[in-house]
Amino acid sequence: MGILDAIRRLLPLEDVALVPDAPPGVPRFLFLQVNKRCNLRCLHCSFWHEKDTDRANYLDAAGKQRLMGEFHALNPRGAVVICGGESMLDLEDYFGISKECRSLGLTCVSVINGTRVRNAEMADRLLREGPHEISVSLNSHRPSLHDETRGVRGSFDKAVQALRLLLDARARQAAAGMDAPKTRIYVMGLIFNDNYRELEDFYDFVLNDVGADKLKLNFLQPSFGDTEVDHFFAERHRMEPNELVSAIRRCDARFGLGLTEAWIGNVRMYVESLQGANDLVRGWGADTRTRDHICNTYERNIMVDHYGVARLCFSTEFRGVKLEQSGDLARFWRETDDVREQMRQCNRFCGISHSVRRVSATTTPAAYSLPERSPTPTGVSAGRRILLSLSQGRWTSRLAGN
Ligand SMILES: C[S@@+](CC[C@H](N)C(=O)[O-])C[C@H]1O[C@@H](n2cnc3c(N)ncnc32)[C@H](O)[C@@H]1O
Ligand code: SF4
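*Asks:* Which residues make up the site of ligand 1, and what values go with them?
*Replies:* As a structural note, the neighbourhood of ligand 1 is formed by 16 residues, with His44, Cys45, Ser137, Met188 and Gln221 the closest of them. Counting residues per element, the ones that place at least two in the shell around ligand 1 are strand 3 (107–112) and strand 5 (184–191). Residue composition of the shell around ligand 1, by class: eight nonpolar, seven polar and one charged.

See below:
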């Protein structure tokens, strides 16, 4: 028995997340795109240029339900991620997915811009029937920077109001002795040149002023969508690696974030890879790549677009398969080793994103994000402590293949 197997056997399964080289088994995430339009106008995204006028060709509710059932059969402990555009513009689809997840026992996750959580009724409904984890996107703790980059004045106030409504609803429901809602309420923060030096204030605002459960950092990538000339990425990606890492470490110490060395190393490598590149204005079309391969989407994800086409990542560079009949999801997962082989060589910018990166940002990742979940959650275990101490040293980076 190798040393790695010995460690795995010592640890409860939840800790195995930090041993990211676990072999691909079952898919852990099913991403379901419900729409492509949006009501904001973010400078780093182009969904708002899109329309849903060809909705007649979209995967319908019954099709989504079929896929969730098939996903559940592959992995009853998996997680479904609702994707858009702004998915809350289509509430029937949104709650259709979250309610089906709840009835199947799957975890449901979503990221929203917050504009459609306008009152206590909607917040209550989200906690009762909506996703188990809701992240509201913020581009800054400064209203002016958020509004400027999100393209709509007042969008900061709406996003923060959504967070406060959700947190109030959770507290109210708990106080009323209702089955205490366990919904996690997060902020997804876009990090780019204008805000990385202000990280400490951003965390302070999110954790202490708003009181959200977590701030997840999301580093700027080329603009989402088909943008041939990407001025935003070219002009606003610049972050000085040492300053960024110092700011992250200060926040880690001050707010007890429990960040992993492996993830901090990946962040540094990402921004260093962008430094000096002269083709970033081509966005996703640039030839620049990250120095290291840091993604493992092909071991864990199935992304299904609004037409019902499945892929192992969001990039359309790799082949997709339209899922039409019962059994297609499992067949897709089984019969895509050729794509996995190609993806193992892929060092595109998106490797840094939450959805696809191999390593966890924190030592306490959400249970649903783990390769396997133990049936009964455990507290901080001896195993975790062992691994935490390993994570400080060179072992983790070897285990992570960095
Ligand atoms: C595409 S949006 C869809 C959900 C919702 N409309 C929202 O904005 O939260 C999902 C997440 O991607 C982020 N995002 C958009 N463009 C990005 C880019 N160029 N680089 C990194 N993250 C980006 C958004 O900030 C948001 O947190
Ligand atoms: S990031 Fe979200 S809110 Fe902004 S345009 Fe894209 S889909 Fe809309």
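There is more to say, and it comes next.
*Asks:* Would you mind going over the site of ligand 2 in detail, with residue names and values included?
*Replies:* Residues in contact with ligand 2, as listed here, are Cys38, Leu40, Cys42, Cys45, Phe47, Trp48, Gly84, Gly85, Glu86, Asn113, Arg150 and Phe224. Among the residues forming the shell around ligand 2, the class breakdown is seven nonpolar, three polar and two charged.

*Asks:* Any details on the sheet that holds strand 1 (residues 29–33)? Residues and values, ideally.
*Replies:* Reading across from one edge, 6-5-4-3-2-1-7-8-9 is the order of the nine strands in this open sheet, with mixed pairing throughout. A strand with exactly one partner marks an edge of an open sheet, and here the two such strands are strand 6 (214–219) and strand 9 (321–322). Bridging between strand 1 and strand 7 (residues 301–304) involves four bridges; their strand directions are parallel. Each bridged residue has a counterpart across the sheet, and for Phe31 the counterpart in strand 7 is Met303.

*Asks:* How would you sum up the environment of Asp287? Please name residues and give values.
*Replies:* Of note, Asp287 is situated in the loop between helix 10 (261–274) and helix 11 (297–300). We classify Asp287 as exposed; it has 8 C-beta atoms within 10 Å. The spacing of Asp287 and Ala277 is ten residues in sequence and 9.1 Å in space, taken between C-alpha atoms.

*Asks:* Before we move on, could you go through the packing of helix 9 (residues 241–255) against helix 10 and cite the residues and values that matter?
*Replies:* It is the contact of helix 9 with helix 10, at a shortest axis distance of 9 Å, that shows an interaxial angle of 155 degrees. With respect to each other, helix 9 and helix 10 are oriented roughly antiparallel. Relative to helix 10, the crossing made by helix 9 is right-handed. For the pair helix 9 and helix 10, contact is made by Pro241, Leu244, Val245 and Ile248 and by Ile264, Val267, Arg268, Val271 and Glu272, respectively.

Definitions and cut-offs
- What you see as residue numbers is a count from 1 along each chain, following the sequence as written.
- Think of it this way: whatever chain is written first is A, whatever ligand is written first is 1, and the rest follow in order.
- Given that the model is predicted, a residue must reach a pLDDT of at least 70 before its local features are reported, and side-chain atom pairs must reach 80 or more before they are shown or counted; all residues, however, enter totals for whole chains, interfaces and linings.
- Proximity of a residue to a molecule or strand is defined by its backbone-placed C-beta atom lying within 6 Å of that partner.
- A helix here means a DSSP run of H or I that spans at least four residues, while a strand means a run of E at least two residues long, and both kinds are numbered starting from the N terminus.
- Basically, the charged four are Asp, Glu, Lys and Arg, the nonpolar ten are Ala, Val, Leu, Ile, Met, Phe, Trp, Tyr, Cys and Pro, and anything else, Gly included, counts as polar.
- By this definition, two strands are paired if DSSP reports at least two bridges between them.
- Partly exposed residues are those falling between the two cut-offs: more than 12 but fewer than 20 other C-beta atoms within 10 Å of their own, whereas 20 or more means buried and 12 or fewer means exposed, with C-beta atoms placed from the backbone.
- Fitted lines through C-alpha atoms give the axes, limited to the stretch in contact for helices. The angle between two N-to-C directions lies from 0 to 180 degrees.
- Note on terminology: angles under 35 degrees are roughly parallel, angles over 145 are roughly antiparallel, angles of 65 to 115 are roughly perpendicular, and the others are oblique.
- Definitions for this section: a left-handed crossing has its near helix turned counterclockwise from the far helix by less than a right angle. A right-handed crossing has that turn clockwise.
- A residue pair is marked as a contact if its C-beta atoms, positioned from the backbone, fall within 7 Å.

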